[in-house]
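# Observations on the model geometry
Below, each chain spelled out in residue letters.
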Amino acid sequence: MEPILTASHLKKTFTLSQKQQKLEKSGSRVKVAVDDLSFTAYRGEIFGLLGPNGAGKTTTLRMIATLIRPDSGDVSVGGVSVLKDPATVRNRIGFLTSELKLEDFFTPDYLFGFFASLHGVTPEVAAARKAELFSRFGIDRFAQVKVANLSTGMKQKVSLVISVVHDPDIIIFDEPTNGLDVLTAKVVTDFLEELRSRGKTVILSTHIFSLAEKLCDRVGIIIDGKMIQCDTLEAVQAGESLEERFFTLYRDCVGEEA
Amino acid sequence: MRMRSNVLTVMKKELRRFFGDRRMVLTMLLPGLLIFVLYSVMGDTLVKGMMTPEDYVYTVTAEHMPASVQAMLDGADLPLTVSAAPGGDADAVREAVREGTVDLYVVFPPDFDSAVAVYDPQSGTPAPEVRIYYNSSSSQSSGAYSVMTSLLDSYESALANRFDINRSTDTAFDLATPEDTTGMFLSMLMPMLLLMLLFSGCMAVAPESIAGEKERGTLATLLVTPLRRSELAFGKIAALSLVAMVSGTWSFLGVMLSLPKLMGGEEAGLVDTGMYGVADYACLLAVILSTILVFVSLISVLSALARSVKEASGMVTPLMILVMLVSFGGMLFPNAQAGTLGYLIPVYNSAQCISGIFSLSYQPVEILLTLLSNAALTALLVLLLARLFNSEKVMFKR
Ligand SMILES: Nc1ncnc2c1ncn2[C@@H]1O[C@H](COP(=O)(O)OP(=O)(O)O)[C@@H](O)[C@H]1O
Ligand SMILES: [Mg+2]
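Predicted model, so just to flag it, every value in this text is computed and none were measured. (Residues numbered from 1 in each chain as written. Chains lettered and ligands numbered in written order. Predicted model: local features only at pLDDT ≥ 70, side-chain atom pairs only at ≥ 80, totals over all residues. Heavy atoms only, no water.)

## Side note on the overall build of chain B
- Counting its regular elements, chain B contains 15 helices and 5 strands.
- In chain B, which comprises 398 residues, the share counted as buried stands at 51%.
- Taking all contacts inside chain B whose residues are at least 6 apart in sequence as the whole, residues at least 24 apart take part in 78%.
- Accessible area for chain B stands at about 18000 Å²; split by element, carbon and sulfur atoms hold 63% of it. (Helix = DSSP H or I, 4+ residues; strand = E, 2+ residues; numbered from the N terminus. Buried < 20%, exposed > 50% of the residue type's maximum accessible area, 1.4 Å probe, protein only. Contact = heavy atoms within 4.5 Å. Areas by Shrake-Rupley, 256 points an atom, 1.4 Å probe, with all protein chains shown as cover.)

## What to know about the environment of C253 of chain A
Residue and element names in this part refer to chain A.
- As for its position among the elements, C253 is in helix α10 (residues 242-257).
- Expressed as a C-alpha distance, the spacing of C253 and K226, which sit 27 residues apart in the sequence, is 10.0 Å.
- Those residues in contact with C253 that sit more than four places away from it in its chain are I223 and I228.

## Here's the deal with the pattern of salt bridges
Residue and element names in this part refer to chain A.
- Within the structure shown, the criterion is met by 28 salt bridges over all chains.
- Salt-bridge contacts for K226 lead to D35; the nearest nitrogen and oxygen are separated by 3.8 Å. One end of the pair, K226, is in strand β10 (residues 226-232); the other, D35, is in strand β2 (residues 30-42), with 191 residues separating them in the sequence.
- Classification of D35 by relative accessible area gives partly exposed; the value is 24%.
- What emerges from the salt-bridge pattern is a single network uniting R129, R136, D167, D169, E194, R198 and K200. (Salt bridge = Lys/Arg side-chain N within 4 Å of Asp/Glu carboxyl O.)

## Section: the side chain of K57 of chain A
Residue and element names in this part refer to chain A.
- Assignment of secondary structure puts K57 in helix α2 (residues 57-64).
- Of the side chains with opposite charge, E175 lies nearest to the buried K57, which makes no salt bridge, at 4.0 Å.
- For K57, the side chain forms a polar contact with the main-chain oxygen of G51, separated by 2.8 Å. (Lys, Arg positive; Asp, Glu negative; His and termini not counted. Polar contact = N/O pair within 3.5 Å; in protein donor to acceptor, adjacent residues only side chain to side chain.)

## Thoughts on the pairing of β10 of chain A
All names here are of chain A.
- Direction of pairing for strand β9 (residues 218-223) relative to β10: antiparallel, over a ladder of 6 bridges. What sits directly across from I222, in β10, is M227.
- The hairpin formed by β9 and β10 contains 2 residues between the paired strands, and D224 there has a positive phi angle of roughly 55 degrees. (Pairing = 2+ DSSP bridges.)

## Side note on the site of ligand 1
All names here are of chain A.
- Around ligand 1, the structure places 16 residues, and the nearest of them are E24, G54, K57, T58 and T59.
- Between ligand 1 and the protein, one listed contact pairs an oxygen atom with a backbone N or O atom of K57 at 2.8 Å.
- Here T58 contributes a side-chain N or O atom positioned 2.6 Å from an oxygen atom of ligand 1.
- Here ligand 1, which alone exposes 560 Å², has 89% of that area covered by the protein. (Near = heavy atom within 4 Å.)

## A closer look at the environment of M148 of chain B
All names here are of chain B.
- Residue placement: M148 occurs in helix α6 (residues 139-158).
- With 243 residues separating them along the chain, M148 and S391 place their C-alpha atoms 67 Å apart.
- Once you skip the residues sitting within four places of it in the chain, M148 turns out to touch V60, L80, L104, V106 and I132.

## A closer look at the interface of chain B and chain A
- Taken together, the 26 residues of chain B in the interface contact 24 residues of chain A.
- Each partner contributes to the roughly 2500 Å² buried at the junction of chain B and chain A, and carbon and sulfur atoms together form 62% of this total.
- If you look at where chain B meets chain A, you find 3 salt bridges.
- Put simply, K12 of chain A and E392 of chain B hold a salt bridge, and the shortest N to O gap is 2.5 Å.
- For the side of chain B that touches chain A, the secondary structure elements donating two or more residues are α1 (2-19), α7 (178-216) and α8 (218-223) of chain B.
- Element by element, the count of residues in the side of chain B that touches chain A is highest for α1 of chain B, at 8 residues. (Buried area = accessible area lost by both parts, 1.4 Å probe.)

## Some words on the nonpolar core
- In this structure, L5 of chain A together with F358 of chain B are the most contacted members of the largest nonpolar core, which totals 154 residues.
- Ranked by residue count, the leading element in this core is α7 of chain B, at 16 residues.
- With 32 residues, the next largest nonpolar core counts Y58, V60, A85 and L151 of chain B among its residues. (Core = buried A, V, L, I, M, F, W, Y, C linked by side-chain atoms within 4.5 Å.)

## A few points about the sheet that holds strand β3 (residues 104-107) of chain B
- Spatially, β2-β1-β3-β4-β5 (chain B) is the arrangement adopted by the 5 strands of the open sheet, whose pairing is mixed. Of all strands in the sheet, those bounded by a partner on one side alone are β2 (80-84) and β5 (164-165) of chain B.

## Observations concerning the packing of aromatic side chains
- Counting across every chain of the model gives 18 aromatic pairs over all chains.
- Ring geometry for F105 of chain A and F106 of chain A: centres 5.3 Å apart, planes at 85 degrees, overall edge-to-face. Grouping residues by exposure puts F105 of chain A and F106 of chain A together as buried.
- With a centroid separation of 5.6 Å and 25 degrees between ring planes, the pair formed by Y105 of chain B and Y133 of chain B is classed as stacked. (Phe/Tyr/Trp six-rings, centres within 6.5 Å; stacked < 30°, edge-to-face > 60°.)

## Quick word on a nonpolar patch on the surface
Residues and elements named next belong to chain B.
- There is a patch of nonpolar side chains on the surface, built from L30, L33, L34 and W250 and spanning about 400 Å² of accessible area.
- If you tally residues by element for the nonpolar patch, the top one is helix α2 (residues 22-48), at 3 residues.
- The class of W250 is partly exposed, set by a relative accessible area of 40%. (Patch = residues over 30% accessible without salt bridge, like charges linked within 9 Å, V, L, I, M, F, W, Y side chains within 5 Å.)

## Comments concerning the confidence of the model for chain B
All names here are of chain B.
- Mean pLDDT for chain B: 83, with 84% of residues reaching 70 or above.
- For chain B, per-element mean pLDDT is lowest for helix α10 (residues 265-268), which scores 43, and highest for helix α14 (residues 364-390), which scores 95.
- Here residues 264-269 is modelled with pLDDT under 50, and outside its nearest four sequence neighbours on either side it reaches 6 contacts, counting other chains as well.
- The complex prediction reports pTM at 0.76, with the ipTM value standing at 0.86. (pLDDT = per-residue confidence, 0-100.)

See below:
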């Protein structure tokens, strides 16, 4: 197994505003969102970060995607540090979340070309990839329709396609099926499996146990910013369902603190 | 190489968004139209009410000042200082009135008092005439003229019309040239008009493009690509400036072309936009373009700090009021001087340059300082914008 992404001792603290402090019911000004978190993902696998809301999954993925900088620790993406060379890292990964949106005014066709150009993909290669991906996801018929006029499912498919314009080796996906209808969710999970079969690495976050059980080769369970357990799916399950196992771990974890 | 192509890619997309959207194009062109309407109303009021400082003392040069009028002046405590004409060089004094060093030139007939005393209004012969030369393009001269004529008018009626004021029809008593009138009028009106026009043009595009993208979450989509933050900042500001320049130039052309008609001044010889040469228009264009760069980058930086278009508009409004005050100041005091170094102060320098160009009283060094200072400020603001795009606190603020 060839390690392709290594997160080591990631830590991220946010300073909360007064309003947030009330919202989080927290007495302290600072929130440790990610706390000394390490894991490794290997080439050709789907790695899942599993944890409840507020556990720190999005924050972790954002640090990997170079959108925010860790307070300490580092991530090595194919040997490149997110701290030292964020631009190269950005070119090697595809990053997608349901919060990332496309501008309403443009057509899928135009946006594909636009992002391909930003990623330095030559027009010929981009055209070939566009033809393949658009037909794979049934976008061809809507290629010239403004994003504003697309259905939610079609928008999500276009976002997915655009996040892989540059054929990255690593795809990072925050809550891949959040807010999707079952049909689109299936299209997305099928695509993730297809990417794995082509030797790509997928790192996703989810709070849905069944999704992790269905897709992931290995999972890391995050509670309160800490990596509680990180292993193959079977090893983490330890004969139970992932859900049962999670609550056991959760009780242990919270009990420890109490 | 990559740098340039990324900037171009970002620019092209911005331009496409604005010029491809009918509603956006309308929003861009609207401010020009609005100000155009406002302007036609304002134009009239302005011509009438050119202001002179409260405590101003008019300089009057008089020839053959009669004892009677002198006595009246002494008794009336008017804001006038009257001096005798220097050795009868009438042309020199008239020139001084034209140039504004003397506000009024009054010529009485020799022996005015005795001529008036013996004149019989019934006789049919022309009455002794007082000639008053003034310059209607100078508010001071116009002020002095009305003070002097009302004084003499009341004297005249007291004397039962035994003399006339400016009766001769073959003499031009108003020494203003059409150029003076146009120049003064435009130099007072244009700074405010143009700056507000340009500002609203910039305000129509920048918050939408920066705060709007942030609000809708599409900016984050850009930030995960290898696009550098400086490229994004540069591309956005360049494209937004281009858009603002198109709308600014459009509105400016409209105003310039409709100016003479609006004033009803073409026939009256009041407005003559043909007095400006190619160099003047080139300077004006350069000042306009550099002002747009400053406005666009200022508004962009504020928009990047805002979380939504609405918040951005709220942040930009105080800036707009400031620009309005500065340019309005330029209108009230067209000749205010903060010295040449004042041209290093953004916005103020634009207002002064525009005023100077329209009154044809500008120095190349002033334009140069303005362009340099505006370019430097824009460069700084582009860097700042790139930093803001790079700041997770600003970009992912909750
Ligand atoms: N930009 C931010 N400012 C302040 N607090 C934040 C910010 N982003 C995340 N947090 C806090 O950090 C914690 C982890 O958040 P997140 O990574 O979004 O969790 P998850 O994705 O697992 O639901 C939460 O308590 C959240 O409120
Ligand atoms: Mg999350």
